[in-house]
Amino acid sequence: MPVVFVHVHYPDVWADMAREIAAAFDRPFGLVITCRDDDIELASVDTPHLVYTRRLRTENRGRDVLPFIRALREMGDDFDIGLKLHTKRSKHRADGEDWRHYMTDSLLVGEGGTPDALRLMERERELGLVAPLAHLLPLEGRIALNRRAMRRVAERMDISLDFDELAQKRFAAGSMFWFRRNALRAFSVNELEDLFPREKGQLDGTAAHAAERLFALVSERAGYWVTAAEALPGLLGASRLDAQSRTALTEEAVSRTPNPFALPISRFWGRHPYLLLAAHHAYVRTPKPIWRVARQLLRRFTLDPEARS
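What you see is a predicted model, and the numbers here were worked out from it, not measured in a lab. (Residues numbered from 1 in each chain as written. Predicted model: local features only at pLDDT ≥ 70, side-chain atom pairs only at ≥ 80, totals over all residues. Heavy atoms only, no water.)

Visitor: Any chance you could break down the overall build of the protein for me, citing the residues and the numbers?
Guide: Within the protein, the regular secondary structure consists of 14 helices and 11 strands. Across the 309 residues in the protein, those meeting the buried criterion constitute 52%. At a minimum sequence separation of 6, the contacts of the protein that also span at least 24 residues come to 75%. As displayed, the protein offers around 14,800 Å² of accessible surface, 50% of which is attributable to carbon and sulfur atoms. (Helix = DSSP H or I, 4+ residues; strand = E, 2+ residues; numbered from the N terminus. Buried < 20%, exposed > 50% of the residue type's maximum accessible area, 1.4 Å probe, protein only. Contact = heavy atoms within 4.5 Å. Areas by Shrake-Rupley, 256 points an atom, 1.4 Å probe, with all protein chains shown as cover.)

Structure follows, in structure tokens:
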């Protein structure tokens, strides 16, 4: 029986997600909710297929990642396949709600009351993680601010990192995905909690951002393979999947599926990592109203030439 893990920071967003989850399953499933306050009233998932709901109180630290790690530890080996979600709002972006829907819809879509990703995971026992549509992104250009945090998290899990090799890998951006319990076991059997700082509105460079970039890698190091929602039709339609064919189908689907929420400024930072580091240090030391204006100017004047046309 699959288990849905949801970190609820915004109860109003959760009310929408509860309806989406109820509509997606026509089979038994469990639900684990992490939330910062036991007194917050949360919407129920109104479906007869929900077997149980567990609610865990977690402090507001580590974004959605540390609560997820704690929930994994709490659940132990009581499940095999899980779905990690959170009430993503992305207040620093005007399209944050559309972005959340785009991701969760691609993870919940399916026929006959079984999400497509779950159907493939039940069929392919070596599949460890399925990222949302267009969110299995290259790590190249997305490591600079997180290098130190990634190394510290990986060391706690006894995982060696070669950053040149890592730059050729992909990660599940947005920290929502289907996963196999054993593929991410390293996150729950190692002591990581002291690596997560208190929340100060950080946009990057924390243990939560590091873990986001490591979930897929940890799954692969555990002997599993990783794919994304855009590859599901081809993978489900294949009569036989060996390592070569599943890699080819995944890479072909991922390479032809652009991410509509990737800002041109992201490509600018990827080409100029040292400017990104300088901007990050300026951000943490600059009053937030000033930085908001600066960020708008940066977006305006760092667009790629083709994006301006």
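Visitor: I'd like a rundown of the pattern of salt bridges, residues and numbers included.
Guide: Taken as a whole and judged by the stated rule, the model has 21 salt bridges. For the salt bridge of Arg125 with Asp80, the shortest nitrogen-to-oxygen distance reads 3.1 Å. With Arg125 in the loop between α4 (116-123) and β7 (127-131) and Asp80 in the loop between α2 (65-75) and β4 (81-86), this pair connects stretches of sequence that are 45 residues apart. We classify Asp80 as partly exposed; its relative accessible area is 25%. With a closest N to O distance of 3.4 Å, Arg246 and Glu126 form a salt bridge. Of this pair, Arg246 sits in helix α10 (residues 243-255) while Glu126 sits in the loop between α4 and β7; the two residues are 120 residues apart in sequence, bridging distant segments of the chain. Arg246 gets classed as buried once you look at its relative accessible area, which sits at 15%. Through salt bridges with shared partners, a single ionic network connects Glu59, Arg61, Arg70, Arg73 and Glu193. (Salt bridge = Lys/Arg side-chain N within 4 Å of Asp/Glu carboxyl O.)

Visitor: An account of the nonpolar core is needed here, citing residue identities and associated values.
Guide: Nonpolar side chains in soluble globular proteins tend to be buried together. Judged by nonpolar contacts, the single largest core of 50 residues is most densely connected at Phe5, Leu161, Phe187 and Phe215. Top element by residues in this core is helix α8 (residues 207-221). It accounts for 9 residues. Excluding residues that lie within four positions of it along the chain, Phe187 makes contacts with Ile69, Arg73, Met157, Leu192, Ala211, Leu214, Phe215 and Val218. Counting residues in hydrophobic clusters, the runner-up holds 44 residues, among them Ala22, Trp178, Ala238 and Ala253. (Core = buried A, V, L, I, M, F, W, Y, C linked by side-chain atoms within 4.5 Å.)

Visitor: Break down the sheet that holds strand β2 (residues 29-35) for me, with residues and values.
Guide: Read from one edge to the other, the open sheet built from 7 strands follows the order β3-β2-β1-β4-β10-β7-β11, with strand pairing classed as mixed. Unpaired on one side and paired on the other, β3 (50-57) and β11 (225-228) mark the two borders of the sheet. Ignoring strand direction, the axes of neighbouring strands in this sheet form an average angle of 20°. (Pairing = 2+ DSSP bridges. Axes fitted to C-alpha atoms, helices over the stretch in contact; angles between N-to-C directions.)

Visitor: Break down the packing of helix α5 (residues 147-156) against α8 for me, with residues and values.
Guide: It is at 8 Å that the axes of α5 and α8 come closest, and there the two elements cross at 70°. By the criterion of interaxial angle, the relationship of α5 to α8 is roughly perpendicular. Within the contact between the two elements, α5 uses Ala149, Met150, Val153 and Ala154 and α8 uses Ala207, Ala210, Arg213 and Leu214. Of the residues belonging to the contact of α5 with α8, the class tally is 7 nonpolar, no polar and 1 charged. (Parallel < 35°, antiparallel > 145°, perpendicular 65-115°, else oblique. Nonpolar A, V, L, I, M, F, W, Y, C, P; charged D, E, K, R; others polar.)

Visitor: Just give me the short version of the pairing of β11, but keep the residues and values in it.
Guide: Neither face of β11 is exposed, since Trp225 and Thr227 on one face and Val226 and Ala228 on the opposite face are all buried. Two elements, β7 and β11, share 4 bridges in a ladder whose sense is parallel. Across the sheet, the residue bridging to Ala131 is Ala228, located in β11.

Visitor: Kindly report on the packing of aromatic side chains, identifying the contributing residues and their values.
Guide: Considering all chains together, one arrives at 14 aromatic pairs under this definition. Through successive ring pairs, a cluster of aromatic residues spans Phe5, Phe68, Phe79, Phe177, Phe179, Phe187 and Phe215. The ring of Trp99 carries Lys88 above its face, with NZ or CZ at 4.0 Å from the centroid. Residue placement shows Arg147 over the ring face of Phe163; its charged tip is 4.4 Å from the ring centre. (Phe/Tyr/Trp six-rings, centres within 6.5 Å; stacked < 30°, edge-to-face > 60°. Lys NZ or Arg CZ within 6 Å of the ring centre and 35° of its normal.)

Visitor: So what's going on with the environment of Thr114? Residues and values would help.
Guide: By the secondary structure assignment, Thr114 is in strand β6 (residues 114-115). Distance in space between the C-alpha atoms of Thr114 and Asp26 is 6.6 Å, their sequence separation being 88 residues. Setting aside anything within four residues of it in sequence, one finds Thr114 in contact with Ala24, Arg27 and Arg119.

Visitor: I'd love a proper account of unusual backbone geometry, names of residues and values included.
Guide: Here Asp158, not a glycine, exhibits a phi torsion of approximately 60°, which is positive. Mapping Asp158 onto the fold places it in the loop between α5 and α6 (163-166). On the accessibility criterion, Asp158 (72% relative accessible area) is exposed. Residues other than glycine seldom take positive phi values, yet Ser175 does so here, at roughly 60°. Among the structural elements, Ser175 can be located in the loop between β9 (170-172) and β10 (177-180). Judged by its relative accessible area of 3%, Ser175 falls in the buried class.

Visitor: Explain the environment of Leu66 residue by residue, including any values.
Guide: Position of Leu66 among the secondary structure elements: in helix α2. Once the C-alpha coordinates of Leu66 and Leu192 are considered, the two residues, 126 residues apart in sequence, prove to be 8.5 Å apart. Those residues in contact with Leu66 that sit more than four places away from it in its chain are Arg61, Glu193 and Phe196.

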